[in-house]
Amino acid sequence: MDGKRRVGVGIIGCGNISSQYLKAMRDFPVLEVIAIADMKPEVAAKKAAEFGLAAVSVEALLADPRVEIIVNLTIPRAHVEVGLRAIAAGKHVYGEKPLGISYAEGKTLAAAAAKAGLRVGSAPDTFLGGAHQEARALLDSGAVGDIVGGTAFFACPGHERWHPDPAFYYDVGGGPVLDMGPYYITDLINLLGPVKSVQAMSATPQKERPIYSEPKKGQLMPVKVSTHVAGLLQFHSGAIIQVTLSFDVPGHAHLPFELYGTKQSVLVPDPNMFGGEVKTRAAGEKDWTVVPYALPYADANYRSLGVADMAHAILEGRPHRASGDLALHVLEVMETFEMASREGRAVEITTPVERPAPLKESVIA
């Protein structure tokens, strides 16, 4: 760490995703987990025992002067409420995706942080993984030419087949756009820059869905959101990307990302992962070529990389990459899918954002 001090972190929300964060945080010396909290004390106590940490109340965590960053891992509907509490307590806040369940909510959080002189960060941080940074470097080099078009595709039969308590995925604030869209749209912005406009259509084929996973197997969940969405994103760069996000597909053979440049096409791996193969193919070539790379954070699940980068940015006085501005732009794009579908027109995106700085070196150093 070159003599840098550690930055105190407190985690609120000890659900399914918290274990991934806590495991990954061990890889980043800049982060010091002070304590964890949950609205259910017994849940926090169990997670604390698993990781050798202290479990405290939410109020105690927010009052602890050692905590500089609150990592908010609550359910989507609580993201902004908890984030505002953290800011009111004088803490920077880094939240799970999405930033909020509405663009208006997201703007409230961003405004509160700006007024307080505090930072907001947000998942996903997978775009900082070595594979996605290599794809960006390839595009930035000019070897691919100008990106004309492409596809971004996520589809599955629904999270009720594996998640122990999946109802929130089908409640307000859920659905494939707010759940999985952040990975795809954030990485597209990393690769191509900001979105200019959105067109879309959406559907909700099932008004109720059965749970297949334990312990609630057989229970029915009401569906309050669109579960199959198809859209077109036009970027300021000129690229036009077809996007499909669905919880209604039994199986498919689509790749996560295909980008079509004037010189080469590029295959980008799953944006829910940090690594994977990047491939290119020029006109006339019969096979795809695997692009070798040696960039960091491609060989494991590094969820909390964005938190570590934020901590380093606080110490160094520079912008962090998985920023609130980026997450707010993504949130507006995602909300606009439903608006564009409902109104049958292209909707302009108003939130400005710059591409985050590339991550060429390890943030551990």
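The notes below deal with the structure included here. Quick caveat: nothing in here was measured; it's all calculated off a predicted structure.

Turning our eyes to something else, we now look at the overall build of the protein chain. The helix and strand tally for the protein chain stands at nine helices and 16 strands. Computed over C-alpha atoms, the radius of gyration of the protein chain comes to 20 Å, within 12% of the 21 Å expected from 2.2 N^0.38 for 365 residues, which places it in the range of a compact globule. Reported as C-alpha extents along the three principal axes, the dimensions of the protein chain are approximately 60 × 55 × 35 Å. Burial status across the protein chain gives 55% buried among its 365 residues. Excluding contacts between residues fewer than 6 apart, the proportion of contacts in the protein chain whose partners are at least 24 apart in sequence is 72%. Surface accessibility of the protein chain: about 15,500 Å² in total, with carbon and sulfur atoms responsible for 54%. When the 35 positive and 40 negative side-chain charges of the protein chain are each reduced to one mean point, those points stand 1 Å apart.

Reading across from one edge, β2-β1-β3-β4-β5 is the order of the five strands in this open sheet, with parallel pairing throughout. The sheet is open, and its two edges are formed by β2 (31–37) and β5 (120–122), each paired on a single side. The average undirected angle you get between the axes of adjacent strands in this sheet is 25°. With three bridges connecting them, strand β4 (residues 92–95) and β5 associate as parallel partners. Bridging across to β5, Gly95 finds its partner in Ser122. Packed onto the sheet, helix α8 (residues 305–316) meets β1 (7–12), β2, β3 (69–72), β4 and β5 and runs at close to 160° relative to β4.

Contact geometry for helix α5 (residues 103–116) and helix α9 (residues 324–343): axes closest at 9 Å, N-to-C directions at 165°. Comparing their axes, α9 and α5 come out roughly antiparallel. Here α5 runs over α9; the crossing is left-handed. On the side of α5, the interface is formed by Tyr103, Gly106, Lys107 and Ala110, while α9 contributes Leu328, Leu331, Glu332 and Glu335.

Okay, unusual backbone geometry next. A cis amide bond, omega -5°, links Lys97 with the succeeding residue Pro98. Mapped onto the elements of the fold, Pro98 is located in the loop between β4 and α5. Put simply, Ala123 and Pro124 share a cis peptide bond, and its omega is 5°. Positive phi values are uncommon outside glycine, yet Tyr297 reaches one of about 65°.

Attention now moves to α5. For α5, spanning 14 residues, the distance from its first C-alpha to its last is 20 Å, which sits close to the expected 20 Å at 1.5 Å a residue. Residues of α5 that are buried: Tyr103, Gly106, Leu109 and Ala113. Angularly, the buried residues of α5 cover 125° about the axis, an arc narrow enough to put them on a single face. The inward-facing, buried residues of α5 abut α4 (79–88), β5 and α9.

With that settled, the discussion passes to the packing of aromatic side chains. Aromatic rings in a pair are described by how distant their centres are and how their planes are angled relative to each other. Per the counting criterion, the structure on display carries eight aromatic pairs. Grouping aromatic residues by their ring pairs yields a cluster made of Phe28, Phe274, Tyr297 and Tyr302. Geometry around Tyr212 places Arg161 over its ring, the cationic atom sitting 4.2 Å from the centre.

Before going further, it helps to examine the nonpolar core. Grouped together as the largest cluster of nonpolar side chains are 108 residues, with contacts concentrated most on Leu233 and Phe337. Ignoring sequence-local partners within four residues, the contact set of Phe337 consists of Val177, Ile185, Val198, Ala200, Val229, Gly231, Leu233 and Val243.

Another aspect to go through is the side chain of Ser19. Following the sequence through the fold, Ser19 ends up in helix α1 (residues 18–25). On the accessibility criterion, Ser19 (13% relative accessible area) is buried. Discounting chain neighbours no more than four positions away, the residues touching Ser19 are Lys47, Glu50 and Phe51.

Quick look at the pairing of strand β11 (residues 240–246) now. Counting buried residues along β11, five of its seven residues qualify, which places the element largely inside the surrounding structure. Bridging between strand β6 (residues 147–155) and β11 involves seven bridges; their strand directions are parallel. If you follow Thr151 over to β11, its bridge partner there is Gln242. Judged from the seven bridges that link them, strand β10 (residues 228–235) and β11 form a sheet pairing that is antiparallel. Within the sheet, the bridge partner assigned to His228 lies in β11 and is Ser246.

Turning our attention to helix α7 (residues 175–192). Side chains of residues three or four places apart in an α-helix project in the same direction, reflecting 3.6 residues per turn. Look at α7: 25 Å from first C-alpha to last across 18 residues, which is about the 26 Å you get at 1.5 Å a residue. A maximum bend of about 60° is found in α7 at Gly181, where proline Pro182 lies one to four positions downstream. In terms of burial, α7 is a largely internal element, 18 of the 18 residues being buried.

Definitions and limits used
Position numbers for residues count from 1 along each chain, tracking the sequence in the order it is written. In keeping with the predicted nature of the model, local features appear solely for residues at pLDDT of at least 70, side-chain atom pairs appear and are counted solely at 80 or more, and the whole-chain, interface and lining totals rest on all residues. Each side-chain value is worked out from all heavy atoms of the structure, with water and hydrogens disregarded. Starting at the N terminus, helices and strands are each numbered in turn, a helix being any DSSP run of H or I of at least four residues and a strand any DSSP run of E of at least two. Radius of gyration: C-alpha atoms only; globule rule: 2.2 Å multiplied by the number of residues to the exponent 0.38. Throughout this description, buried means an accessible area under 20% of the type-specific maximum (1.4 Å probe, protein chains only), exposed means over 50%, and partly exposed covers the range between. Residue contacts are counted whenever heavy atoms from the two residues lie within 4.5 Å of one another. Calculation of accessible area relied on Shrake-Rupley with a 1.4 Å probe; when residues are assessed, cover is drawn exclusively from the protein chains displayed. Counted charges follow a simple rule, with Lys and Arg positive, Asp and Glu negative, and His plus the chain ends left uncounted. Charge positions are represented by NZ for Lys, CZ for Arg, CG for Asp and CD for Glu. Each pair of strands is called paired provided DSSP finds at least two bridges between the two strands. In this analysis, axes come from line fits to C-alpha atoms, helices being fitted only over the stretch in contact, and the angle between any two N-to-C directions falls in the range 0 to 180 degrees. Oblique is the label for any angle not covered by the other classes, which are roughly parallel (under 35 degrees), roughly antiparallel (over 145) and roughly perpendicular (65 to 115). Helix crossings are classified by the rotation of the near helix relative to the far one: an anticlockwise turn of less than a right angle makes the crossing left-handed, while a clockwise turn makes it right-handed. Residue count minus one, scaled by 1.5 Å, sets the expected span of a helix. When we speak of the arc, we mean the arc of directions from the helix axis to the C-beta atoms. Pairing of aromatic side chains requires ring centres within 6.5 Å, counting the rings of Phe and Tyr and the six-membered ring of Trp. Pairs whose planes differ by under 30 degrees are stacked, by over 60 edge-to-face, and all others tilted. Any Lys NZ or Arg CZ that is within 6 Å of a ring centre and within 35 degrees of that ring's normal is treated as a charge sitting over the ring. In these notes, a set of buried Ala, Val, Leu, Ile, Met, Phe, Trp, Tyr and Cys residues joined through side-chain atoms within 4.5 Å is what counts as a nonpolar core. The angle separating two fitted axes, one through the seven residues that finish at a residue and one through the seven that start at it, defines the bend at that residue.

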